[in-house]
Amino acid sequence: MMVDILYFASFREVLGRANEQLPAQFSTVGALISELAQRGENWKMALLDNQNLQIAVNHDVADRNTEIKPGDEVAFFPPVTGG
Amino acid sequence: MVHYPNIKIQTQDFDLTTEVAQLREGHRDIGAVVSFTGTVRDINEGDEVAILELEHYPGMTEKALEKIRLEAHDRWHLESSLIIHRVGKMYPTDQIVLVAVASRHRENAFYAAHFIMDYLKTNAPFWKKETLPDSSERWVDARITDKEAENRWSK
């Protein structure tokens, strides 16, 4: 089983992708972020070191402690600016 | 994807008169309708803006807006309400967002429309990108003042 990961707005541009699938081997969002941060400085800055990081799991606001289950959709994005 | 009839995310423009007429249809108990229309400014942060592009998170955006709308109903006993938000490319003077609410009395309608807009700004996953006249692009930063505007509604 996999988890879907989505990146929006400036994250999509900085990280060079809109989405990807990874094996569902991460217990929490924090564990997933630690893994992704090892891909390079862009990833570390956008996800690990970013105090303004916004997270959603299955379309609900989440945080680093939120658990991830197989089939979940995890999204990372900057603070929102609609309206 | 779940469909919420009172939430519309669309690329096309909207007509205030038509939308408000639909909002009022079948309600004889409405005494007040308040609407807010957000439009594209030609200046932001001191720079001229040529194009404003709105991105959203399909699925989560609708869910977040519906949650805000229902909270407004709960707090101000609205008879009906509607949120329209456009996405894609827009230009100065274009309409971006419409919030319209209807209630028995005016005070609740005024408060609810204001609340929905303040919450939408900080809780609905939309992102703005500006293109300047020299074709350079930049993402719009979230404003501290928007977060402060949200906080005034804390119970």
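On a predicted model such as this, the values are computed, not experimentally measured, just so you know. (Residues numbered from 1 in each chain as written. Chains lettered and ligands numbered in written order. Predicted model: local features only at pLDDT ≥ 70, side-chain atom pairs only at ≥ 80, totals over all residues. Heavy atoms only, no water.)

Chemist: Looking at this structure, how should I read the pattern of salt bridges?
Modeler: Side-chain pairing between opposite charges can occur once the charged atoms of the two side chains come close. With the rule as written, the count across this model stands at 19 salt bridges over all chains. Note that Lys44 of chain A is salt-bridged to Asp49 of chain A, the shortest N-O span being 2.9 Å. The exposure class of Lys44 of chain A is partly exposed, given its relative accessible area of 31%. Judged by its relative accessible area of 38%, Asp49 of chain A falls in the partly exposed class. One salt bridge in this structure joins Arg75 of chain B and Glu71 of chain B, with 3.5 Å as the shortest N-O distance. Here Arg75 of chain B pairs with Glu71 of chain B, and both are found in helix α2 (residues 60-76), just four residues apart, close to one helical turn. A relative accessible area of 26% places Glu71 of chain B in the partly exposed class. In the salt-bridge network here, residues are joined through shared partners; they are Glu13 of chain A together with Lys129 and Glu137 of chain B. (Salt bridge = Lys/Arg side-chain N within 4 Å of Asp/Glu carboxyl O. Buried < 20%, exposed > 50% of the residue type's maximum accessible area, 1.4 Å probe, protein only. Helix = DSSP H or I, 4+ residues; strand = E, 2+ residues; numbered from the N terminus.)

Chemist: Teacher, can you tell me more about the environment of Val2 of chain B here?
Modeler: Position of Val2 of chain B among the secondary structure elements: in the segment before β1 (7-10). Separated by 143 residues in the primary sequence, Val2 of chain B and Thr145 of chain B place their C-alpha atoms 32 Å from one another.

Chemist: Whenever I open this one, the sheet that holds strand β1 (residues 2-7) of chain A confuses me. Can you help?
Modeler: Strand pairing in a sheet takes place through backbone hydrogen bonds and is either antiparallel or parallel in direction. Residue and element names in this part refer to chain A. The five strands are arranged β2-β1-β5-β3-β4 in an open sheet whose pairing can be described as mixed. The open sheet has two edge strands, β2 (19-23) and β4 (60-62), and neither has a second partner. Across the sheet, the axes of successive neighbouring strands diverge by a mean angle of 30°, strand direction being ignored. Where β1 meets strand β5 (residues 73-77), four bridges bridge the pair, whose relative direction is parallel. Bridging across to β5, Asp4 finds its partner in Glu73. Set on the sheet, helix α2 (residues 29-36) makes contact with β1, β2, β3 (54-57) and β5; between it and β5 the angle comes to about 60°. (Pairing = 2+ DSSP bridges. Axes fitted to C-alpha atoms, helices over the stretch in contact; angles between N-to-C directions. Contact = heavy atoms within 4.5 Å.)

No statement about biological role is implied by the geometric values presented.
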